Every structure is written in structure tokens, then in C-alpha cells.
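# Structural overview
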Amino acid sequence: MDQTMLPDGQVEARVSAVDRGSYRILHNERELPAELSGRFSFLADSPLDLPGVGDRVSIQLYDSDSAAIIHSLQERRSFLRRRRAGQTVEYQLIAANIDIAFIVQSCHFDFNIRRLDRYLVMAADGGVEPVILLTKIDLVPAEELDRMIGAIRAAGITARIIPLSNQTGAGVDEFRTLLQPGTSCCLLGSSGVGKTTLINRLLGRELLETRQVSATGEGTHTTSRRQLIRLENGAMLIDTPGMRELGLLGASEGMEQGFEDIFELGADCRYSDCTHVQEPGCAVRQAVAAGSLSQARYDSYLKLKKESEYYEMSYAEKRKKDKEFGRFINNAMKQIKKK
Ligand SMILES: Nc1nc2c(ncn2[C@@H]2O[C@H](COP(=O)(O)OP(=O)(O)OP(=O)(O)O)[C@@H](O)[C@H]2O)c(=O)[nH]1
Ligand SMILES: [Mg+2]
Ligand SMILES: [Zn+2]
């Protein structure tokens, strides 16, 4: 939304933190508390309608500009979202209007290609460019790091990889070059991989809390909420708590972008609805046989597809159940009304 198009008395701001219905926003480089207008809360009917960290909102200042009311949410340019754990299928917004998602994995006890794939799908789903950060390289021999990078490439993942150490500072400058003024970035990854440590390093001070992890590399969660931090040059960084369980996105669009190569190959399959598993004339399996598509890449595609179908299915089943239940209630109500 153009600033000039905002209703009288309203200005633009950016949400920097959300905590159970109360918000913090950045306006003119100042952070202040804000809450939703009554009309806004009333009209929102899904969690994704509510502002999340990184969202641009129009606000009205009050109390000598020390607090604000949020009147409306501007359209999201991009987003990172995940399925909420639990019975119902709901999406949770992780961050909005993000240019780069830094997918952080530690070389020490955390490295996992499958998980990496999921984060890549999540980024593709929301239209965010992914960059992989491999942290704690000071804790593994160089060959070990090479092996991991090799494994990532062998899985067909082409995203940029930055190996770094918060301990020695290696790779930090390369990371920093991506934080141009005006860009918004988000750090994603398991607990204890060093997301907050990296941000503190950039800030040159301990703004945010970090914690020692156990010898196995497993940490308890230290960062407990998402928070947008403004760097001196104007770049924005969002720290997130480590994700224990990365709910799958169920987003076929995300699958499509995360596996563009396979979707492109699939255009040449004999059947337009080819599942690339057993159909004759499958261009994808032909590519695997010919070696132009790696077996590992193909396997992770199938694995992820299976999972997303499972989620999709349970979603459909749930809908069906809800409908049946609704019908049952309706009929019961009719019976009662007849009497
Ligand atoms: N050796 C080594 N230790 C690191 C590195 N980066 C972070 N650490 C340590 O790892 C521990 C966890 O770091 P955090 O920054 O709190 O991890 P986090 O990803 O923010 O974790 P959550 O907030 O729980 O999601 C801390 O003790 C850091 O000092 C690194 O590159 N090398
Ligand atoms: Mg943290
Ligand atoms: Zn096929």
C-alpha cells in the first residue's frame, strides 16, 4: 500500500514481535507497543489474517506517539508458514515479507538432508529465496564439512551454501554481504544451531539470549519468540525459536518449486497424471536411469510427496468427517423443530 493512500491519521509500520495478541511494531526506527483495532480483530477469521512478525500494517499513533492501534494489514509479498502441530489443520505464520530464508544447520549433530528439504519446500511455498548456513564448522574436520556439502549437492539442492563458525568468525563476512539495506531475512533451524549467536555477533553485543548446549549438541529452546531486529545498515533480521517439529506444508505449489527439475521432467511423461513411480513412459524414471537425475534427489522427492499426500489426505478426511457431523447436527435440529 502506498503511504499516500492510507486513511487520514494512519501511517505505515512493521510488526516486530507478537505475544498472545499484543504486538510490537517498528515505526521510524522506534519500537513501540500496539494492539489491534476492534474492527480488525472482529473481521479476522483465521490465524493467517492476523499480523505476524514482518508484516506491514497501517497504524494510528496515540499517547504522544508512545503506542499504536493497528487498523489494517497490507498484502504479504512473501511469507514463511508451517502447519500447526495438533489435530486441526491450521497454518502458522512464521514471518512475512521476507527476502531470504537462512536455513541453519549445525555441522555438529544436526545435519540432516531431509529436514533441509522440508525447509526448502517451505521457502519455495512462500516465495522466499533460501540460503543454507552450515554452522559450527570449527567443531568438525574439513573433510566432514566437504562430505556434507557434497551430500547436499548430490541431493540435487542448488541453493547457496555458506559454511560458518560463530567461534572463529569464518564465513560470517560472506553471510553479512547478503544483509543489504532494505532486505529482510529470517533465520530458521533446530534449537541450538547458533541462530541467535550469529545475530548477536552481527550486532556486536549480546542483545539476545543464547545458551550452552549439551555435549550431544541437543539444546533446550533458548529463543522463545520470534523477533525482528533492525541492523545498523537498515537490514532486518528475524530470529526464531528452533523448530522441534517442522509441520509439513501440504503445499503442492511448494513441492513444485522445491523440485522444479522433477516437475519439468514430468512434462515429458506419457501420462499427464504420472506419479513417477511405476507408469510406463515416465520421463523422471528415465532420467534417473540415464543418470541425469540423481537417485537421491528422486528418493527425497518421493518421500516428501508421500508425506504431503498423507497430510493432504488427513485434511480431506477430516473435512469429510466434519461434513458428516454437520449433517447429523442439521438433521437432529430438523427433528427437534418438527416436534
Ligand atoms: N563451537 C561453536 N559453538 C557455537 C557456534 N554457534 C553457536 N554456538 C554455541 O551453540 C549454543 C547455542 O547457540 P544459540 O545461538 O543459542 O542457538 P539457537 O539456534 O539460537 O537456539 P534456539 O534459540 O534454542 O533456537 C551456544 O552455546 C553457542 O555459543 C559455532 O559456530 N561454533
Ligand atoms: Mg536462539
Ligand atoms: Zn513420470
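These lines cover the structure that appears in this document, whether it is placed above or below. As the structure is a prediction and not an experimental result, all values here were calculated from the model. (Residues numbered from 1 in each chain as written. Chains lettered and ligands numbered in written order. Predicted model: local features only at pLDDT ≥ 70, side-chain atom pairs only at ≥ 80, totals over all residues. Heavy atoms only, no water.)

### A look at the coordination of the zinc ion (ligand 3)
Within the protein, Cys269 (SG), Cys274 (SG), His276 (ND1) and Cys282 (SG) serve as the donor atoms for the zinc ion (ligand 3), at 2.1 to 2.4 Å. One way to put it: the four donor atoms around the zinc ion (ligand 3) meet at angles of 102 to 114 degrees, and that makes the site tetrahedral. The sequence pattern describing where the donors of the zinc ion (ligand 3) fall on their chain is C-x4-C-x1-H-x5-C. Just as Cys274 is buried, Cys282 falls in that class too. (Donors = N, O, S within 2.8 Å, 3.2 Å for Na, K, Ca; no water. Tetrahedral: all angles 85-135°; square planar, octahedral: opposite > 155°, others 65-115°. Buried < 20%, exposed > 50% of the residue type's maximum accessible area, 1.4 Å probe, protein only.)

### Considering the sheet that holds strand S13 (residues 236-239)
Spatially, S10-S9-S8-S11-S13-S12 is the arrangement adopted by the six strands of the open sheet, whose pairing is mixed. Of all the strands in the sheet, just strand S10 (160-163) and strand S12 (227-230) have a single pairing partner and so form its edges. On average, each strand axis in the sheet is inclined to that of its neighbour by 25 degrees, with strand direction left out of account. Bridge count for strand S8 (residues 100-106) against strand S11 (residues 184-189) is five bridges, and the pairing is parallel. Considered in S11, the bridge of Val104 is made with Gly189. (Pairing = 2+ DSSP bridges. Helix = DSSP H or I, 4+ residues; strand = E, 2+ residues; numbered from the N terminus. Axes fitted to C-alpha atoms, helices over the stretch in contact; angles between N-to-C directions.)

### Re the packing of aromatic side chains
In the structure shown here, the tally under the stated rule is three aromatic pairs. Here the aromatic rings of Phe102 and Phe175 are separated by 4.7 Å at their centres, their planes lie at 65 degrees, and the arrangement is edge-to-face. Residue Phe102 is located in strand S8, and its partner Phe175 is located in helix H4 (residues 172-177); the two are separated by 73 residues in the primary sequence. Comparing Phe102 with Phe175, the two get one shared label, buried. For the pair Phe263 and Tyr301, a centre-to-centre distance of 6.3 Å together with 85 degrees between the ring planes defines the contact as edge-to-face. Of the two residues, Phe263 sits in helix H7 (residues 260-266) while Tyr301 sits in helix H9 (residues 295-338), which places them 38 residues apart along the sequence. Judged by its relative accessible area of 33%, Phe263 is partly exposed. Taken together, the ring pairs in this structure connect Phe259, Phe263 and Tyr301 into an aromatic cluster. (Phe/Tyr/Trp six-rings, centres within 6.5 Å; stacked < 30°, edge-to-face > 60°.)

### Quick word on the environment of Ser272
Along the chain, the position of Ser272 falls in the loop between H7 and helix H8 (283-290). Here Ser272 falls in the exposed class, since its relative accessible area comes to 82%. C-alpha of Ser272 to C-alpha of Cys282: the two residues are ten residues apart in sequence and 9.9 Å apart in space.

### Here's the deal with the sheet that holds strand S4 (residues 56-62)
A barrel is described by the order of its strands in space; here five strands give the closed sequence S1-S2-S3-S5-S4, paired in mixed fashion. Neighbouring strand axes in the sheet, compared pairwise and without regard to direction, differ in orientation by 50 degrees on average. Where strand S1 (residues 11-19) lies against strand S2 (residues 22-27), five bridges are found, and the strand directions are antiparallel. Residue pairing across strands places Ala17 opposite Arg24, the latter belonging to S2.

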